[in-house]
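Descriptive analysis of the structure
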Amino acid sequence: MDMNRVKQIVSSPADITVHYHGVSVWIDGYDEQNNTATIHMREGNLNEKREVPVEELKEV
């Protein structure tokens, strides 16, 4: 995925499915300078947040 798509997903009111290494996640925010996104899992430990490279996110 690219940063422009991440920004569109974050600002969209729609529920857009995104996967990180095959796991469904929510995108909470992004850091354009580092080309990363802050995510949390849709299931399991919802409080666990990670910062991951944008290019490792896949729209399903």
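Procedures and definitions
Residues numbered from 1 in each chain as written. Predicted model: local features only at pLDDT ≥ 70, side-chain atom pairs only at ≥ 80, totals over all residues. Heavy atoms only, no water. Helix = DSSP H or I, 4+ residues; strand = E, 2+ residues; numbered from the N terminus. Polar contact = N/O pair within 3.5 Å; in protein donor to acceptor, adjacent residues only side chain to side chain. Contact = heavy atoms within 4.5 Å. Pairing = 2+ DSSP bridges. Axes fitted to C-alpha atoms, helices over the stretch in contact; angles between N-to-C directions. Core = buried A, V, L, I, M, F, W, Y, C linked by side-chain atoms within 4.5 Å. Buried < 20%, exposed > 50% of the residue type's maximum accessible area, 1.4 Å probe, protein only.

A separate point is the side chain of T36. Note that T36 resides in strand β3 (residues 36-41). In this structure the side chain of T36 is engaged in a polar contact, spanning 2.8 Å, whose partner is the side chain of E51. Look past the residues within four positions of T36 in its chain and what remains in contact with it is M3, Y30, D31, E51, V52, P53 and V54.

In spatial order, the strands read β4-β3-β2-β1-β5; together these 5 strands make up an open sheet with antiparallel pairing. This sheet does not close on itself; its edge strands, each paired only once, are β4 (49-53) and β5 (57-59). In this sheet, adjacent strand axes meet at a mean angle of 50 degrees when their direction is disregarded. Where helix α1 (residues 3-11) meets the sheet, its contacts fall on β1 (18-20), β2 (23-31), β3 and β5, and the angle it forms with β2 comes to roughly 100 degrees.

Let's shift gears to the nonpolar core. Formed by 14 residues in total, the largest nonpolar core has its most connected members in V6, V18, V25, I27, A37, I39 and L57. Among the elements of the structure, α1, β1, β2 and β3 are those that each provide at least two residues to this core. Apart from residues lying up to four places away in sequence, A37 is in contact with V6, I27, G29, Y30, R50, E51, V52, V54 and L57.

The next subject is unusual backbone geometry. Residue H21 is not a glycine yet carries a positive backbone phi of 50 degrees. With respect to the secondary-structure elements, H21 resides in the loop between β1 and β2. Overall, the relative accessible area of 58% leaves H21 in the exposed class. Positive phi, normally seen in glycine, also occurs at N35, with a value near 55 degrees. Turning to its location among the elements, N35 is positioned in the loop between β2 and β3. The partly exposed category is assigned to N35, whose relative accessible area is 32%.

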